[in-house]
Structures are given as C-alpha cells and as structure tokens.
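Secondary and tertiary structure notes
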Amino acid sequence: MRSWLNNIQWCPGCGDTLIIWAIKKAFEQLWIESHNRVVVSWVGCSWKASQYIDGYAAETLHGRTLPFATWVKMANPELTVLATGWDWDGYGIWMGHFIHACKRDLDITYIVMDNENYALTTWQASPTTPIWAKTKTTPNWNTSNPFNPIEIAKNAWCSFAKTADSIKFMEMVEIIKEAINHKWFSLVNVHQACPSFKRW
Ligand SMILES: Cc1ncc(C[n+]2csc(CCOP(=O)(O)OP(=O)(O)O)c2C)c(N)n1
Ligand code: SF4
Ligand SMILES: [Mg+2]
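Here's what I pulled together on the structure shown here. Just so you know, these numbers come straight off a predicted model, no measurement behind them. (Residues numbered from 1 in each chain as written. Chains lettered and ligands numbered in written order. Predicted model: local features only at pLDDT ≥ 70, side-chain atom pairs only at ≥ 80, totals over all residues. Heavy atoms only, no water.)

For the protein, the count of helices and strands is seven helices and eight strands. For 200 residues, the compact-globule estimate of 2.2 N^0.38 gives 16 Å, and the protein sits close to it at 16 Å. Overall, the protein is about 50 × 40 × 30 Å in size when its C-alpha atoms are taken along their principal axes. Relative to its 200 residues, the protein shows a buried fraction of 55%. Long-range pairs, those at least 24 residues apart, make up 67% of the contacts in the protein between residues at least 6 apart in sequence. Element-wise, carbon and sulfur atoms account for 59% of the exposed surface of the protein, whose accessible area totals about 9,700 Å². Between the centroid of the 18 positive side chains of the protein and the centroid of its 17 negative side chains there is a distance of 4 Å. (Helix = DSSP H or I, 4+ residues; strand = E, 2+ residues; numbered from the N terminus. Rg over C-alpha atoms; globule rule 2.2 N^0.38 Å. Buried < 20%, exposed > 50% of the residue type's maximum accessible area, 1.4 Å probe, protein only. Contact = heavy atoms within 4.5 Å. Areas by Shrake-Rupley, 256 points an atom, 1.4 Å probe, with all protein chains shown as cover. Lys, Arg positive; Asp, Glu negative; His and termini not counted. Charge placed at Lys NZ, Arg CZ, Asp CG, Glu CD.)

What follows is the structure, encoded as structure tokens:
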C-alpha cells in the first residue's frame, strides 16, 4: 500500500481517490517533476486533491481555482498548472470563471470531479444532477435538466473538452495525459463515483 493512500480521508470507495491516483500517474508517465507543476484546488469534498499530490499546491479561496491557476500560469508560463474543480463549484456558483477560462485559452488543465451532487454539504442537487434524481433539495425528483459541461466548454471556444470515468482507470490516465499535453485550456469532466450520495 502506498503511503499517500494511508492518509486518504474520503469515504471508502470514493472515486476521488482514483482520480488523484490517475493525476499522479499522468505526471509520472509524462516525467513532469514535482518542482515543475502546481495543483490548485478549493472547497468541496474533493478539495483535498492538492494535499495528496506532492509538489507545489494551493488551496484557494472559495471558487477561485481558475483565477488563481490563471495568475500562476501568467507568472510562470513554464510551470504545468493543473486546476481541480467540482460540479457545484465549476458549473454552479463559479460558472463565470469556467467559461472565461475556456475563452481565454491559457495552457491550464482543468479536472472536474463531477459526482452530480453537493457531497461535502451532504447530498443537495447540483448543476449536473440528472433530471429524475432524488436529493435533499429535490425530495421527489429533480425537475430541471442537467448542464452538459462538454458542450458548454466547446461553445466557449475550448479546444479540448473530454469526459472520463473514475472507474475506467487506465482510460482516465490517458485522457488526463492528453489534456496536460494540450497546450491550451483543457477540460476533463470526470464522472466520479460517490457511493455515499450518488445513488443513481
Ligand atoms: C460561497 C460559498 N457558498 C456555500 C458554501 C458551502 N459549500 C461548501 S462545499 C459545497 C458544495 C460543494 O459541492 P461540489 O462543488 O459539487 O463539491 P463536492 O463536495 O461534491 O466534491 C457548498 C455549498 C461555500 N463553501 N462557499
Ligand atoms: S461524500 Fe462522496 S465525494 Fe465525498 S468523500 Fe464521500 S464518496 Fe467521496
Ligand atoms: Mg459535487
């Protein structure tokens, strides 16, 4: 068992663990050393992402993942900058930062851990919750259609927007590597297993 896995504080079976592992593998296979990269995150279940990956990291103010990542990239374009976000964070309250980052098109890799609910605050509907899903804030069923992040990104001029799945590990590693190698803004929306709340 690798030592970083011993420190994981997510629920058993949480897809975030696999996503972090995939990011670490991608860095390793691309030979991007810890002093040449920065991982930026913020609040949500997944905010610990930056703590579990060695190298430079920042846990920013609420919702400021992409603005912070933009400043880092502009200050030192040589660094590999990887920003992590979540479905409410990225496609809800801070959607504006997301679409403008797509339009600005700097070389930042944005990995969204999409568990289709607010998990940290225990099971409220998010912008990607399926229309029929039951949650605390949609006690009968969700009555509005979910966003399609890939289409939104493409409509905002993003030249790399792909979906991955936390349970398809090797495929996820390859997509993340492709995204890091893409020299413009790239989105990987990862369908993240959240066994505690995503029961659809
Ligand atoms: C401005 C602001 N409003 C509300 C909150 C409370 N809050 C913390 S995490 C969270 C939901 C996070 O959901 P998501 O972004 O999908 O991340 P997940 O926990 O599912 O990984 C909310 C509403 C906050 N931290 N900041
Ligand atoms: S609530 Fe869901 S997203 Fe949060 S740690 Fe548990 S399984 Fe992971
Ligand atoms: Mg979520």
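Moving on, we come to the site of ligand 2. Within the structure, ligand 2 sits among Trp10, Cys11, Cys14, Cys45, Asn115, Ala119, Gln192, Cys194, Pro195, Ser196 and Phe197. Here the residues of the shell around ligand 2 are counted per class, giving eight nonpolar, three polar and no charged. (Near = heavy atom within 4 Å. Nonpolar A, V, L, I, M, F, W, Y, C, P; charged D, E, K, R; others polar.)

With that settled, the discussion passes to the packing of helix α2 (residues 15-29) against helix α7 (residues 169-181). For any two helices packed against each other, one specifies the inter-axial angle together with the distance between the axes. The geometry of α2 relative to α7 is characterised by a closest axis approach of 9 Å and an angle of 55° between their N-to-C directions. Between α2 and α7, the interaxial angle falls into the category oblique. Crossing hand, α2 versus α7: right-handed. Where α2 abuts α7, its residues Leu18, Ile19, Trp21, Ala22, Ile23, Lys25, Ala26, Phe27 and Gln29 lie against Phe169, Met172, Val173, Glu174, Ile176, Lys177 and Ile180. Residues belonging to the contact of α2 with α7 are distributed by class as follows: twelve nonpolar, one polar and three charged. (Axes fitted to C-alpha atoms, helices over the stretch in contact; angles between N-to-C directions. Parallel < 35°, antiparallel > 145°, perpendicular 65-115°, else oblique. Left-handed = near helix turned anticlockwise from the far one by under 90°.)

Mapped onto the secondary structure, Trp31 falls in the loop between α2 and β1 (37-41). Here Trp31 falls in the exposed class, since its relative accessible area comes to 76%. As a C-alpha pair, Trp31 and Glu171 span 140 residues in sequence and 19 Å in three-dimensional space.

Glancing now at the site of ligand 1. Taken together, the neighbourhood of ligand 1 is formed by 16 residues, with Cys45, Asp87, Asp89, Ala119 and Leu120 sitting nearest. Residue Cys45 places a main-chain N or O atom 2.8 Å away from an oxygen atom belonging to ligand 1. Residue Leu120 places a main-chain N or O atom 2.9 Å away from an oxygen atom belonging to ligand 1. Protein chains bury 79% of the 590 Å² of accessible surface belonging to ligand 1 in isolation. Going through the elements one at a time, α4 (87-93) and β5 (117-118) are the ones with two or more residues in the shell around ligand 1. The element best represented in the shell around ligand 1 is α4, accounting for four residues. Class assignment for the residues of the shell around ligand 1 results in eight nonpolar, six polar and two charged. (Polar contact = N/O pair within 3.5 Å; in protein donor to acceptor, adjacent residues only side chain to side chain.)

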